[in-house]
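# Commentary on secondary and tertiary structure
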Amino acid sequence: MPAIRPGARGAVISGWGTALPEKIVTNDELAATMDTSDEWIQARTGIKERRIGGTTIGLSVDSGRQALEMAGLEPSRIDALVLSTTTPDWQWGNAAAVQNELDLFCGAFDVNAACSGFVYALVTAHGLVAMGADRVLVIGTDTLSRITDWDDRATAPLFADGSGAVVIESVDGPGQLLGWDLDADGSALPILQADVGGTIKMEGQEVFRRAVRIMVDSAEKSMLHAGVHPEEVKLVVPHQANIRIIQAACDRLGIPIERAAVVIDTTGNTSSASIPLAMADALETGRVQNGDLLLLVGFGGGMTAASCVLRWGGGVE
Ligand code: ACO
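Rules and cut-offs
- Residues numbered from 1 in each chain as written.
- Predicted model: local features only at pLDDT ≥ 70, side-chain atom pairs only at ≥ 80, totals over all residues.
- Heavy atoms only, no water.
- Helix = DSSP H or I, 4+ residues; strand = E, 2+ residues; numbered from the N terminus.
- Expected span 1.5 Å × (residues − 1).
- Buried < 20%, exposed > 50% of the residue type's maximum accessible area, 1.4 Å probe, protein only.
- Contact = heavy atoms within 4.5 Å.
- Axes fitted to C-alpha atoms, helices over the stretch in contact; angles between N-to-C directions.
- Parallel < 35°, antiparallel > 145°, perpendicular 65-115°, else oblique.
- Left-handed = near helix turned anticlockwise from the far one by under 90°.
- Nonpolar A, V, L, I, M, F, W, Y, C, P; charged D, E, K, R; others polar.
- Phe/Tyr/Trp six-rings, centres within 6.5 Å; stacked < 30°, edge-to-face > 60°.
- Salt bridge = Lys/Arg side-chain N within 4 Å of Asp/Glu carboxyl O.
- Pairing = 2+ DSSP bridges.
- Right-handed = clockwise from strand over helix to strand, strands pointing away.

Compared with an ideal rise of 1.5 Å per residue, which puts 16 residues at 22 Å, helix α3 (residues 56-71) spans 22 Å between its outermost C-alpha atoms and is within 8% of the ideal. Listed as buried for α3 are Thr56, Ile57, Leu59, Ser60, Val61, Ser63, Gly64, Ala67, Leu68 and Ala71. In this structure, the buried side of α3 is in contact with β1 (10-19), β4 (80-84), α4 (94-101), β6 (135-143) and β7 (161-171). Once α3 finishes, glycine 72 follows within two positions and takes phi at roughly 70°, a positive value.

Pairs of packed helices are described in terms of their axes, by the angle between the two and the distance that separates them. α4 packs onto α3 with a crossing angle of 50° between their chain directions and a minimal axis gap of 9 Å. Looking at the two axes, α3 sits oblique to α4. Of the two elements, α3 crosses α4, and the hand of that crossing is right-handed. On α4, the residues touching Ile57, Ser60, Val61 and Arg65 of α3 are Asn94, Ala97, Val98 and Glu101. Taken together, the residues that form the contact of α3 with α4 break down as 4 nonpolar, 2 polar and 2 charged.

What follows concerns the packing of aromatic side chains. Counted under the stated rule, the structure contains 1 aromatic pair. Between the aromatic rings of tryptophan 16 and tryptophan 312, the centroid separation amounts to 6.1 Å while the plane-to-plane angle is 70°, which identifies the pairing as edge-to-face. With tryptophan 16 in strand β1 and tryptophan 312 in the segment after β13 (304-311), this residue pair connects regions lying 296 residues apart in the sequence.

Looking now at the pattern of salt bridges. Close approach of charged atoms allows side chains with opposite charge to pair. A complete count under the given rule lists 9 salt bridges for this structure. Among the salt bridges present, the one from aspartate 134 reaches arginine 9, with a minimum N-O distance of 2.3 Å. Residue aspartate 134 is located in the loop between α5 (117-130) and β6, and its partner arginine 9 is located in the segment before β1; the two are separated by 125 residues in the primary sequence. Looking at aspartate 134, the relative accessible area reads 26%, which means it is partly exposed.

This brings us to the pairing of β4. For β4, the tally of buried residues reaches 5 of 5 residues, placing the bulk of the element in the interior. In β4, alternate side chains face the same way, and those of Ala80, Val82 and Ser84 on one face and Leu81 and Leu83 on the other are all buried. Sheet topology note: the β4/strand β5 (residues 107-111) ladder contains 5 bridges and is parallel. Its bridge partner being in β5, serine 84 is matched across the sheet by valine 111. With α4 bridging β4 and the parallel β5, this β-α-β connection has right-handed handedness. Here 5 bridges tie β4 to β6, and the two strands are oriented parallel to one another. Note on β6: the bridge partner recorded for serine 84 is glycine 140.

Mapped onto the secondary structure, glutamine 247 falls in helix α7 (residues 243-253). Sequence separation of glutamine 247 and alanine 260 is 13 residues, and the distance between their C-alpha atoms is 8.9 Å.

Relative to the helices and strands, tryptophan 40 resides in helix α2 (residues 38-45). The class of tryptophan 40 is partly exposed, set by a relative accessible area of 42%. The spacing of tryptophan 40 and methionine 215 is 175 residues in sequence and 25 Å in space, taken between C-alpha atoms.

Attention now goes to the sheet that holds β4. In sheet architecture, strand pairing relies on hydrogen bonds along the backbone and comes in two forms, parallel and antiparallel. Pairing in this open sheet of 5 strands is mixed, and the strands run β1-β7-β6-β4-β5 from one edge to the other. Edge strands, defined here as strands with exactly one partner in the open sheet, are β1 and β5. Averaged over all neighbouring strand pairs, the angle between strand axes comes to 20°, with direction disregarded. As paired elements, β6 and β7 share 9 bridges and run antiparallel to each other.

Structure representation (structure tokens):
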């Protein structure tokens, strides 16, 4: 992937929001319906509980509204809405439905790059800013529970529902995005798939093995383009698929896992929502200050991978 051209118009995140369904499903509750245990799920994945429920459009409206409120923006000021989801409510028009419910007057489109989708959407939004948009709402939402086979113990403990959103606003100067990478390897599509109308089928160990490799590869490309070394990264915000994948990726990147944002224990794998949910948690717990370097990195079905390096607050130290 190319480096950012010098002089490209930049942006910063000016607001964020999250939405999770009310219903909590614990590992013990799952173990009451299938041959598994809290101990197995926690040890193999890091997940203790997950949130189940809602619709992709409904959760997106909730997180999007919060992001607009935090940014202090009237809906009419948004120039574009990008919705990342791999579990749309409708074949098309999901972003448009969110646009309508939020009273936005702008273009709105869906992006589907599975669990890498939020970073794909965020990079796309920066491209829109470079082309003249001033304010873009980016939402990552998935309702994976609707495409989960609840009789399959190999996948059911992993997947869940949620939404996260950010508003990015144009700034004078380069802004927050220092480097980015979008990647795909369609030859690996069969190892993680869902037929239209079907449920998730996965070769877990093969996904695990490749996930670590493509996350590390993508993160290294973004850091190279950004001119940033791993020791300078204040916070890694990884896709929340499995704590052991996060640990292995951090080890290979040379970044202590203590510098990773982790919410998988309470959210499970929420696909497009997992990176914005983890980032929002880190922001709200005071882990990020102006000038800090963030490395967002995800992987997903396709297989896809995506990463970017952000300087929080843009050029402000
Ligand atoms: N409870 C108890 N035992 C289980 C369960 C369960 N829920 N699931 C599998 N097992 C058993 C298996 O049957 C197997 O038993 P055996 O040894 O008698 O054959 C044993 O546990 C080990 O199974 P593995 O598949 O080897 O377990 P592993 O350590 O690989 O963990 C897991 C499985 C958690 C799925 C792991 O492979 C993983 O996380 N893979 C990556 C998944 C992922 O990240 N997916 C992302 C999707 S992103 C997107 O785009 C949707």
